[in-house]
Amino acid sequence: MSTPNEEYDRIERLLKRVRPQEPSAELEERVQCAAQEAWREDTAGIPWRIPILRLALSTAAAAVLVTLANLYGDRASYPRRAPVSAGTYVESCDLDIMGEIPVSFTRYAATTDTSALFNHLRAVRETLRETEENGLPQGPGLSDPRSHLPPRLHKGANA
Amino acid sequence: MDKLSSEDPIRAALARDDPVAVELIWDRYACDLFAFLQAALRSRHDAEDVLQAVFVRIVRKRRRLAKADCLDAYVFRIARNEVADFFRRRRRKPGETPDGDAWLAAANADEQRVDLAEDLQAALARLPQAQREIVVLKVYRDKTFMEIAGMLRLSLNTVASRYRYGLEKLRDLLKDFRS
């Protein structure tokens, strides 16, 4: 009784009495001609393909960049919610100080209608002037030593 | 290593985009590929056609080939894809018998036993394609299991077990033969 290895050796010896055909000289010539032809075609196609490919790629990249810039630019300039404690109150009703709008509001102010803001400031100045002239408080907000900022800003900041 | 030393000129020619790479690839791979294709297709004529298609594909993919980690694996991957395309085009299943043309021939000129070649060809034809490819590469191209595993991107155990199953099947099929 032979072992499996001996059996395998016997099969291998038997198989080796024949062998697959080798590639003939004609086949070599045929294949190499076809391959060289493909090489030439491919090489000839490269010079005009590369610039077009580069152009297409750069166009696509530019489109992506512009889209992303638009998207994130809109998000960045969208009015943010300002902290109430920082922007709602100022310590004095002095006009000079009131003119200094807190930094957190400047971004919002840039997106607000400026004529409405000036109108409102003018109204506040009038009110303060009347207060100074009459010596009487004209509104509930002025009884407090801290004055409120313009209601429009206040409303917009909380929006 | 012999394999590495034969890969270097091919890589260098591919890097230079030099058509001489075709000849170098032919010298390095033609016999292995032709045996592999004959085993896969069980037809010399079909193997010739597919070998040509493989070389054309290699040329078109030469830039990727130049960057491939393993040239053998890349070349044989192309060959396997071309075999699959061939079966798809011909609507022939890998197990179906092709129109008979001999792809095995007597090894020695003095041994003119055509019937032996036909019988061995018929026995090999009854192996599954994956086993037949490995048996042919191992027996006829003297490849080691490690080399075959690298060429076909298979694990060493898979190659060894497919070879063993193939030989077991051949032993049953060829039990009437005496060596």
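All values derive from a computational prediction rather than experimental measurement.

Looking only at helices and strands, chain B features nine helices and one strand. Overall, chain B shows an N-to-C arrangement of helices and strands of α-α-α-α-α-β-α-α-α-α. Of all intrachain contacts in chain B linking residues separated by at least 6 positions in sequence, the fraction that spans at least 24 positions is 65%. Summed over all atoms, the accessible surface of chain B reaches about 9000 Å², with 47% contributed by carbon and sulfur.

The next subject is the interface of chain A and chain B. On the side of chain B, 53 residues touch chain A, which itself brings 30 residues to the contact. Around 4000 Å² of area is buried between chain A and chain B when both sides are counted, 63% of it from carbon and sulfur atoms. By the criterion of area lost to chain B, the three top residues of chain A are Arg17(A), Gln21(A) and Trp39(A), representing 20% of everything that side buries. For the interface between chain A and chain B, the tally reads six salt bridges. For Arg63(B), the salt bridge goes to Asp42(A), with nearest N and O atoms at 3.2 Å. One can count twelve residue pairs in polar contact (both at pLDDT 80 or more) joining chain A with chain B. When residues in the side of chain A that touches chain B are grouped by element, the largest group, 14 residues, is from helix 2 (residues 25–77) of chain A. Considering only residue class, the side of chain A that touches chain B consists of 14 nonpolar, four polar and twelve charged. For strand 1 (residues 18–20) of chain A and strand 1 (residues 104–106) of chain B, the ladder comprises three bridges, and the chain directions are antiparallel. The residue bridging Arg19(A) from the neighbouring strand is Ala105(B), located in strand 1 of chain B.

What follows covers the side chain of Glu48(B). Assignment of secondary structure puts Glu48(B) in helix 3 (residues 44–60). If we ignore the near neighbours within four places in the chain, the residues touching Glu48(B) are Leu27(A), Arg30(A) and Phe34(B).

Leu15(A), Leu33(B), Leu37(B), Leu51(B), Leu124(B) and Leu170(B) are the most contacted members of the largest nonpolar core, which totals 68 residues. If one sorts the elements of this core by residue count, helix 2 (residues 20–41) of chain B sits on top with 14 residues. Those residues in contact with Leu170(B), other than ones at most four positions away along the chain, are Ile11(A), Leu15(A), Ala123(B), Leu124(B), Leu127(B) and Val135(B).

Another aspect to go through is the packing of aromatic side chains. Within a pair of aromatic rings, the relevant descriptors are the distance that separates the centres and the angle that separates the planes. Under the defined criterion, the tally for this structure stands at four aromatic pairs over all chains. Note on Phe36(B) and Phe76(B): the rings are 5.3 Å apart at their centroids and 80° apart in plane angle, and the pair reads as edge-to-face. Of the two residues, Phe36(B) sits in helix 2 while Phe76(B) sits in helix 5 (residues 71–90), which places them 40 residues apart along the sequence. In this pair, the class of Phe36(B) matches that of Phe76(B), namely buried. Aromatic side chains Phe145(B) and Tyr163(B) sit 5.4 Å apart centroid to centroid with 65° between the ring planes, which places their arrangement in the edge-to-face category. Residue Phe145(B) is found in helix 8 (residues 145–152), and its partner Tyr163(B) is found in helix 9 (residues 156–173); the two are separated by 18 residues along the sequence. On the basis of relative accessibility, which here comes to 26%, the residue Phe145(B) falls in the partly exposed class. Above the face of the Trp39(A) ring, Arg62(B) is positioned so that its terminal group lies 4.0 Å from the ring centre. The lysine or arginine in question, Arg164(B), covers the ring of Tyr165(B), its NZ or CZ lying 5.3 Å from the ring centre.

Between helix 1 (residues 4–15) of chain A and helix 9 of chain B, the shortest axis-to-axis distance is 10 Å and the interhelical angle comes to 80°. Overall, the two elements helix 1 of chain A and helix 9 of chain B adopt an arrangement that is roughly perpendicular. Contact with helix 1 of chain A, carried on its side by Glu7(A), Tyr8(A), Ile11(A), Glu12(A) and Leu15(A), involves Tyr163(B), Arg164(B), Leu167(B), Glu168(B), Leu170(B) and Arg171(B) of helix 9 of chain B and no other residues of that element. Class assignment for the residues of the contact of helix 1 of chain A with helix 9 of chain B results in six nonpolar, no polar and five charged.

Scoring rules and cut-offs
Residues numbered from 1 in each chain as written. Chains lettered and ligands numbered in written order. Predicted model: local features only at pLDDT ≥ 70, side-chain atom pairs only at ≥ 80, totals over all residues. Heavy atoms only, no water. Helix = DSSP H or I, 4+ residues; strand = E, 2+ residues; numbered from the N terminus. Contact = heavy atoms within 4.5 Å. Areas by Shrake-Rupley, 256 points an atom, 1.4 Å probe, with all protein chains shown as cover. Buried area = accessible area lost by both parts, 1.4 Å probe. Salt bridge = Lys/Arg side-chain N within 4 Å of Asp/Glu carboxyl O. Polar contact = N/O pair within 3.5 Å; in protein donor to acceptor, adjacent residues only side chain to side chain. Nonpolar A, V, L, I, M, F, W, Y, C, P; charged D, E, K, R; others polar. Pairing = 2+ DSSP bridges. Core = buried A, V, L, I, M, F, W, Y, C linked by side-chain atoms within 4.5 Å. Buried < 20%, exposed > 50% of the residue type's maximum accessible area, 1.4 Å probe, protein only. Phe/Tyr/Trp six-rings, centres within 6.5 Å; stacked < 30°, edge-to-face > 60°. Lys NZ or Arg CZ within 6 Å of the ring centre and 35° of its normal. Axes fitted to C-alpha atoms, helices over the stretch in contact; angles between N-to-C directions. Parallel < 35°, antiparallel > 145°, perpendicular 65-115°, else oblique.

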